Amino acid sequence: MNVLNIAWKEIKTGLRDTKTFLLMLAFPIVLILILGTALSGAFSTSVKVGDMKLLYRSEVTSPQLAEYWNGFLKAAESQGIRAVAAEAGADGRKAVRDNRYTAYAELGDNGIRFYGSSKVSIETNILQGMLTVFADRYNLVAAAVKENPAAVPGIVAAWTDAGDYVREASVDPKRQPGSIDYYAMAMTTMFALYAAFSATYLIQGEHARKTAIRLSAAPVSRAEVFAGKIVGCTFYNFLILLAVVLFSKLAFDADWGSRFGIVLAVLATEVLLAISLGLALGYLLKGEGSRSVLMIFLQIASFAGGAYFPFGETEGVIHLLLNLNPLMWANTALMKVIYENDALAALPAIGLNAAVAAAFLILAVIAMRKREAL
Amino acid sequence: MNVLEIRNLTKKFGDFAAVDNMTLSVREGEIFGFLGANGAGKSTTINMIASLLRSTKGEIDLLGRSISANARFAKSNIGIVPQDIAIYEDMTAYENVRFFAGLYGLRGETLKERTAEALEFVGLGDKHKSYPKNFSGGMKRRLNIACAIAHRPKLIIMDEPTVGIDPQSRNYILNSVKKLNEMGSTIIYTSHYMEEVEEICTRIAIVDHGKIIADGTKEQLKSIITDTKEIWIGVRSAEPVQVEALKAIPGVLSVRVEEQTVMVSSKAEVGNLNRIIQQLIKDQAEIRSVEEQAPNLEAVFLTLTGRNLRD
Ligand SMILES: Nc1ncnc2c1ncn2[C@@H]1O[C@H](COP(=O)(O)OP(=O)(O)OP(=O)(O)O)[C@@H](O)[C@H]1O
Ligand SMILES: [Mg+2]
């Protein structure tokens, strides 16, 4: 109960200080915007899956095949692909060559043929991949319609899920972040870690205001004070991050993937880690010293963790060193969650965050036992 | 019954003993004054009672139980008004009191009532929505008190609660101390201001160098110095007065002069007033008044410690 009391006090006074709240919100957003636009050239592969257009001509007479095709179109549309039926006499291949469409498909009762743009891009890859998978199945179905019509519904029924095509079909299944997408993520994780800075004041502030006296004199254990402070401060900073995430999604259309809950879990545990780190450092080192140490750490971590530009693949000792960085493991996890839809990739990051947070708390509690009062 | 009992209490900072083998007890219903110059060890003692410092040696019992073995019990029954103002400037007066009272286990309606009651008590009832950053020094001091009393502690410890405030707030605080006492709290009150201690305390301990050097009611303390008397002589100008000649008069202990007053402290049993006056006439000091001062605590303090309470 005391823990909640103390936590609630932190949250309330934090939110009440609207100037600071807005500043903490504005800072990452402005950086996302600046870095995202200034460095967009560095992310040349940035293409939205939603930009794909498919032109098709259907000369199907079999109602079963027609129905199957329509099913595919629906599935494709749900993935953001726009399908357009070609007008009679139009040259579909030329339309693709002219770059008006991503691909052109011709289908009849005997099978399907398609033409993709010769330009290699993610969008053609994805669309061609989907069509390839579909075509294989279509041709199978087309054969079945002739030889054994009774078997068709069974074959088709197994392949109606939209995700089927995308996951299996993409030649390059990894979506890639655009610069805004990347910096929306990288700035959010960076500022999550920077929450450590304000956490150095959690106990120091009580001493400066002399209220530490009252907290120590009250029948509340110091562990309760610590816990309350951490819960409150983590929640407050998480709210700010949530606002940054939502704002970047709505205003900049930043890609946060479809596993929103997992993304937030990574962020929440990262804030927890940051707050515990800040609280422990502020408690152990006291005064400005704690913040100087933290500042150096945060800047190195940000730089090496890919906050300003993403790192490519690394190996050996460098790889190991880079991965000791909480920002690195958070960013790596989020990239996988967002762009490869790999929810499990978040587990190591969440686990590490929680473990490191616990380690710092234990450190603070050991130091606390040696002190006479808070 | 003794609310507080301190036995052989010592606190060392390094080699320096801020509190030195102190023994004292405070009975239920007392307003116990703790009088001492800067650095005498008042706050250090108080901080040990309130579990803010660990003692180097000795025991403290609150309501018959050792505070080190019953920390939660002791803390719940003590309300401390720290020497420094200890409040959150970014929370309203009401929120401050409610937050701290909440730490003492008050909840719900009781919490609300006691919070309002404490604010009302220190005269901030109409300010409960205001932020302390806009408060005067006196109002902050009063809020500082309110934060310590909402949980209705058995023992209230006030460490110089009237430092640096206007006379009006001071009177308010002194009256509320008396009222708190009437309502059943035992109070330990430290101050630099002799008049305050003399006005409200039922018993007084004089602390010096971490030791209690005298302890009793103000009458008892004053009786310690009945063998000295203090004579104040008003003059037109003290300039021509020869201090050394006055000091040479038998029985005279000390002489202080201000612009128009000559203050002589002397052994009581020596009848030397005539000789003092004669000396002043000889110095052509133009005497305007002569009065013998009743013995006061200031004089007691001076006699016992050899220094003034305030430098
Ligand atoms: N944490 C500390 N470390 C070292 N010395 C200390 C510490 N706290 C107090 N002292 C010393 O102990 C002595 C007693 O200090 P204390 O604060 O108890 O005096 P006090 O009677 O409350 O004085 P004041 O009227 O100025 O408040 C002083 O000489 C002070 O310098
Ligand atoms: Mg003091």
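Residues numbered from 1 in each chain as written. Chains lettered and ligands numbered in written order. Predicted model: local features only at pLDDT ≥ 70, side-chain atom pairs only at ≥ 80, totals over all residues. Heavy atoms only, no water.

> Tell me about the overall build of chain B, and please be specific about residues and values.
Within chain B one finds 11 helices and 14 strands. When its C-alpha atoms are laid out on the principal axes, chain B stretches across 75 × 45 × 35 Å. Looking at chain B residue by residue over its 311 residues, the buried ones come to 52%. Pairs at least 24 apart in sequence give 69% of the contacts found in chain B among residues at least 6 apart. Accessible surface, chain B as shown: approximately 14,100 Å² in total, 47% of it carbon and sulfur. Mean positive and mean negative side-chain charge positions of chain B (39 and 40 charges, respectively) differ by 5 Å. (Helix = DSSP H or I, 4+ residues; strand = E, 2+ residues; numbered from the N terminus. Buried < 20%, exposed > 50% of the residue type's maximum accessible area, 1.4 Å probe, protein only. Contact = heavy atoms within 4.5 Å. Areas by Shrake-Rupley, 256 points an atom, 1.4 Å probe, with all protein chains shown as cover. Lys, Arg positive; Asp, Glu negative; His and termini not counted. Charge placed at Lys NZ, Arg CZ, Asp CG, Glu CD.)

> Could you give an account of the interface of chain B and chain A, naming the residues involved and the relevant values?
If you look at the interface, chain B gives 30 residues, while chain A gives 28 residues. Both faces combined, the contact of chain B with chain A buries some 2,600 Å², and carbon together with sulfur accounts for 54% of it. The three residues of chain B that bury the most area against chain A are B:Leu52, B:Tyr88 and B:Leu103, which together make up 24% of that side's buried surface. Counting every contact that joins chain B to chain A gives 4 salt bridges. Applying the counting criterion to the chain B and chain A interface returns 13 residue pairs in polar contact (both at pLDDT 80 or more). Listing elements by their share of the side of chain B that touches chain A, those giving two or more residues are helix H2 (71–76), helix H3 (93–103) and helix H5 (137–149) of chain B. If one sorts the elements of the side of chain B that touches chain A by residue count, H3(B) sits on top with 6 residues. (Buried area = accessible area lost by both parts, 1.4 Å probe. Salt bridge = Lys/Arg side-chain N within 4 Å of Asp/Glu carboxyl O. Polar contact = N/O pair within 3.5 Å; in protein donor to acceptor, adjacent residues only side chain to side chain.)

> Any chance you could break down helix H16 (residues 346–370) of chain A for me, citing the residues and the numbers?
Residues and elements named next belong to chain A. Between its terminal C-alpha atoms H16 stretches 37 Å, which fits the 36 Å expected from 25 residues at 1.5 Å a residue. Along H16, the residues that are buried comprise Ala346, Ala349, Asn353, Ala357, Ala364, Ala367 and Met368. Where H16 is buried, its residues contact helix H11 (222–251), helix H12 (260–285) and helix H15 (326–340). (Expected span 1.5 Å × (residues − 1).)

> An account of the coordination of the magnesium ion (ligand 2) is needed here, citing residue identities and associated values.
Surrounding the magnesium ion (ligand 2) are the protein donor atoms B:Ser43 (OG) and B:Gln83 (OE1), which sit 1.9 to 2.3 Å from the metal. Residue B:Ser43 is found in helix H1 (residues 42–49), and its partner B:Gln83 is found in the loop between strand S6 (78–81) and H3; the two are separated by 40 residues along the sequence. (Donors = N, O, S within 2.8 Å, 3.2 Å for Na, K, Ca; no water.)

> Describe in detail the packing of helix H1 (residues 2–16) of chain A against H3(B), supporting the description with residues and values.
One can describe the packing of H1(A) onto H3(B) by two numbers: an axis separation of 9 Å at closest approach and a directional angle of 160°. Regarding the angle of H1(A) to H3(B), the classification is roughly antiparallel. For the pair H1(A) and H3(B), the crossing hand works out as left-handed. Here H1(A) contributes A:Asn2, A:Asn5, A:Ile6, A:Lys9, A:Lys12 and A:Arg16 to the contact with H3(B), which in turn contributes B:Glu95, B:Arg98, B:Phe99, B:Gly102 and B:Leu103. Split by residue class, the contact of H1(A) with H3(B) holds 3 nonpolar, 3 polar and 5 charged. (Axes fitted to C-alpha atoms, helices over the stretch in contact; angles between N-to-C directions. Parallel < 35°, antiparallel > 145°, perpendicular 65-115°, else oblique. Left-handed = near helix turned anticlockwise from the far one by under 90°. Nonpolar A, V, L, I, M, F, W, Y, C, P; charged D, E, K, R; others polar.)

> Describe the site of ligand 1, naming the residues involved and giving the relevant values.
All names here are of chain B. With respect to spatial proximity, 14 residues lie near ligand 1, and among them Asn38, Gly39, Lys42, Ser43 and Thr44 are the closest. For ligand 1, whose accessible area on its own is 640 Å², the fraction buried by protein is 62%. Among the secondary structure elements, those contributing two or more residues to the shell around ligand 1 are strand S2 (16–27) and H1. The element that contributes the greatest number of residues to the shell around ligand 1 is H1, accounting for 3 residues. Taken together, the residues of the shell around ligand 1 break down into 5 nonpolar, 7 polar and 2 charged. (Near = heavy atom within 4 Å.)

> So what's going on with the side chain of B:Thr45? Which residues, and what values?
Topologically, B:Thr45 is positioned in helix H1. When sequence neighbours within four positions are dropped, the list of residues in contact with B:Thr45 reads B:Ile6, B:Leu9, B:Val19, B:Met22 and B:Phe34.

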